[in-house]
Amino acid sequence: MRRTTVRIDETLLNEAKAYAARNGRSLNSVMEDALRQLLNRSTEVAERPRVELITSGSRLKPGIELTPEFIYSLIEQDDVERYLKVQADAAQ
């Protein structure tokens, strides 16, 4: 097997060594597994079929931003409308 020099951040290397020691593994096996997982993940992502999301036709009116305040006001308005409907139903 051909030897190659690789430079790794010292903190990352120390974490990998500690992980290997905790799990009774060699540093080499931990690094090989990590590299295999990275390469497999990128292959899996490339092979995934494209998914098209179905959205409703509704759009925000021009000039409306979905700020937390705007969303809160929508929820509050919905709560008020629901409360009024419950009260009206109870009165009948």
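Quick note: structure is the one above.
Residues numbered from 1 in each chain as written. Predicted model: local features only at pLDDT ≥ 70, side-chain atom pairs only at ≥ 80, totals over all residues. Heavy atoms only, no water.

**Description of the overall build of the protein chain**
Looking only at helices and strands, the protein chain has three helices and zero strands in total. Secondary structure elements of the protein chain occur, N-terminal to C-terminal, as α-α-α. Its C-alpha atoms give the protein chain a radius of gyration of 28 Å, more than 25% over the compact-globule value 12 Å for 92 residues. By its C-alpha atoms, the protein chain is 85 × 30 × 30 Å across when sized along the principal axes. For the protein chain, the residues scored as buried account for 3% of the 92 residues in total. (Helix = DSSP H or I, 4+ residues; strand = E, 2+ residues; numbered from the N terminus. Rg over C-alpha atoms; globule rule 2.2 N^0.38 Å. Buried < 20%, exposed > 50% of the residue type's maximum accessible area, 1.4 Å probe, protein only.)

**A short note on a nonpolar patch on the surface**
Together, Val6, Ile8, Leu12 and Met31 make up an exposed nonpolar region whose accessible area comes to about 330 Å². Note on placement: Ile8 falls in the segment before α1 (10-22). Under the relative-accessibility criterion, Ile8 is labelled partly exposed at 31%. (Patch = residues over 30% accessible without salt bridge, like charges linked within 9 Å, V, L, I, M, F, W, Y side chains within 5 Å. Areas by Shrake-Rupley, 256 points an atom, 1.4 Å probe, with all protein chains shown as cover. Salt bridge = Lys/Arg side-chain N within 4 Å of Asp/Glu carboxyl O.)

**Focus on α1**
Compared with the 18 Å implied by 1.5 Å per residue over 13 residues, the 18 Å span of α1 between its first and last C-alpha is a close match. The backbone nitrogen of Thr11 has a side-chain oxygen 3.1 Å away, supplied by the residue at the start of α1, namely Asp9. Looking at the residues trailing α1, positive phi occurs at Gly24, about 60°. (Expected span 1.5 Å × (residues − 1). Polar contact = N/O pair within 3.5 Å; in protein donor to acceptor, adjacent residues only side chain to side chain.)

**What to know about the environment of Met31**
Note that Met31 resides in helix α2 (residues 27-47). Separated by 19 residues in sequence, Met31 and Arg50 place their C-alpha atoms 31 Å apart.

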